[in-house]
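What follows is the residue order along each chain.
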Amino acid sequence: SDVMESISIRQCTPSSPVRLCKMKWLGVIFALVARAVTEEEASLPAPDGFIHYPQTFFDRIHLAWYAPNVTEPFFGYKLDYYPKERPEEAKHTTYHRNTTNVIVDNLRGHTEYVFRLQAMRQNKTGLEGNPTEINLLTIDARPPKPKLLHVTALDTGGVEVVWEAPTKHFEGQIEGYEITLRPEGDGNSHIVRTDTTKESDIVTGLRHKTTYFVTVKARSGSGTGEASDPLIVTTTEAEEDNASLAIIMSCAIVIPVVLIVFFILLYIYVLRPALASPPQDDEALPEG
């Protein structure tokens, strides 16, 4: 203790033996060094009450804690955090000892993070105290599913898709949409990605006279959300098919009309005059 050290020093007077004096001084020095080493190796207690406030954004978390109950000064805090499934992506930052609440941002949405907080001794940034940990799941940043309003087949063979944006209960920013048209039966889905926030689009390049199941997904910076409830649409026939059908229908109407007119004219100008003319008498035979 400090009292014993001061007594030992005062007992070493000029009249004391030199050897005894040296031993007492060595003992004092040893005690001071031992106490310094013990203090240096002793760990600081862990910060208490490590909690988080209710989240309002998907990419950040508000943390708070109580300072460790110590009388000696300490440097501050060190916070390590990383996705639970990817500890190799660990990051850390330090805070002043007067800091007891922080906002950690640039996090992934819908991801479980491990936060590890430690107090550090004054001017001993490499020597931390006992840690306290907390696992937190960030908010799902993917937008909810849009409401698909209607899908209309166009005469050109395309499809017009109209939906309602998922603005309710979503605080993130929608960057675009993904329209999927899956043909009935086997076949590859036709996917269209839009980079605008408009709530309608015309999809082309589809197969004619084909039934499609149509869904829409919203996209944000954290990924693509859930698909809407599907609607069914059947594309129109090809324009060339319509043209061929028109020609056939025209022929089916024109040809009979032409034949009827032909037979009428044949009757009027050929058959009727022939039937109306009187029969001619046989030439008289010469007498004798």
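Right above here is the structure, for reference.
The rules behind each value
Residues numbered from 1 in each chain as written. Predicted model: local features only at pLDDT ≥ 70, side-chain atom pairs only at ≥ 80, totals over all residues. Heavy atoms only, no water. Buried < 20%, exposed > 50% of the residue type's maximum accessible area, 1.4 Å probe, protein only. Helix = DSSP H or I, 4+ residues; strand = E, 2+ residues; numbered from the N terminus. Pairing = 2+ DSSP bridges. Phe/Tyr/Trp six-rings, centres within 6.5 Å; stacked < 30°, edge-to-face > 60°. Contact = heavy atoms within 4.5 Å. Salt bridge = Lys/Arg side-chain N within 4 Å of Asp/Glu carboxyl O. Core = buried A, V, L, I, M, F, W, Y, C linked by side-chain atoms within 4.5 Å. Axes fitted to C-alpha atoms, helices over the stretch in contact; angles between N-to-C directions.

(A) Structural detail: the pairing of strand S14 (residues 211-220). Here S14 lies mainly inside the structure; seven of its ten residues are buried. Looking at chain direction, strand S11 (residues 174-183) and S14 are connected through nine bridges and run antiparallel. Paired with Tyr177 across the strands is Ala218, a residue of S14. The sheet contact formed by S14 and strand S16 (residues 231-234) spans four bridges and is antiparallel.

(B) Up close: the packing of aromatic side chains. Scanning the model with the defined rule gives seven aromatic pairs in all. Seen from their ring centres, Trp65 and Tyr95 are 6.4 Å apart, and the 50° between their planes marks the pair as tilted. Of this pair, Trp65 sits in strand S2 (residues 61-66) while Tyr95 sits in strand S4 (residues 91-96), and the two are 30 residues apart along the sequence. The class for Tyr95 is buried, based on a relative accessible area of 19%. Considering the side-chain rings of Trp163 and Tyr177, the 5.0 Å spacing of their centres and the 55° angle between planes classify their relative orientation as tilted. You can see Trp163 sitting in strand S10 (residues 159-164) and its partner Tyr177 sitting in strand S11, a full 14 residues away along the chain. Of the two residues, Trp163 and Tyr177, both sit in the buried class. Joined through ring pairs, the aromatic side chains of Phe50, Trp65, Phe74, Tyr77 and Tyr95 make up one cluster.

(C) Quick look at the side chain of Arg219. Position of Arg219 among the secondary structure elements: in strand S14. What makes Arg219 buried here is its relative accessible area of 8%. Not counting residues within four places of it along the chain, the set of residues in contact with Arg219 comprises Pro143, Gln173, Ile174, Glu175, Gly176, Tyr177, Arg193, Thr194, Asp195 and Thr224.

(D) Fine view of the pattern of salt bridges. In the structure shown here, the tally under the stated rule is eight salt bridges. With a shortest N-O distance of 3.4 Å, Arg86 and Glu89 are connected by a salt bridge. Residue classification places Arg86 among the partly exposed positions, given a relative accessible area of 39%. Linking Glu178 and Arg193 is a salt bridge whose minimum nitrogen-to-oxygen distance equals 3.1 Å. Residue Glu178 is located in strand S11, and its partner Arg193 is located in strand S12 (residues 190-194); the two are separated by 15 residues in the primary sequence. Note on Glu178: relative accessible area 12%, which makes it buried. The network of salt bridges with shared partners includes Arg86, Glu89 and Arg108.

(E) Layout of the nonpolar core. Ranked by size, the top nonpolar core spans 19 residues in total, and within it Phe50, Leu63, Leu79, Val104 and Phe115 carry the most contacts. In contact with Phe50, not counting residues within four places along its chain, are Leu63, Ala64, Trp65, Leu79, Phe115, Leu117, Thr132, Glu133 and Ile134. Listed in part, the 18 residues of the second largest apolar core include Trp163, Tyr177, Leu181 and Val216.

(F) Seen up close, the sheet that holds S10. Ordered in space as S9-S10-S13, the three strands form an open sheet in which the pairing is antiparallel. Edge positions in the sheet fall to strand S9 (147-153) and strand S13 (200-203), since each has one partner strand and no second. Between one strand axis and the next, the sheet turns through 20° on average, direction left out of account.

(G) Spatial organisation of the environment of Leu149. Relative to the elements of secondary structure, Leu149 occurs in strand S9. We classify Leu149 as partly exposed; its relative accessible area is 42%. Considering only alpha carbons, one finds Leu149 and Glu164, 15 residues apart in sequence, at a separation of 6.7 Å. The residues contacting Leu149, other than those within four sequence positions of it, are Val162, Trp163, Glu164 and Leu231.

(H) Looking closely at the sheet that holds strand S5 (residues 101-104). Overall, antiparallel pairing links the three strands, which are arranged S1-S2-S5 in an open sheet. Taken across any chain shown, the strands that pair with only one partner, and hence form the sheet edges, are strand S1 (48-52) and S5. Neighbouring strand axes in the sheet, compared pairwise and without regard to direction, differ in orientation by 20° on average. In this structure, S1 lies alongside S2, joined through three bridges in antiparallel fashion. Residue Ile51 lies in a different strand from S2, and its bridge partner there is Ala64.

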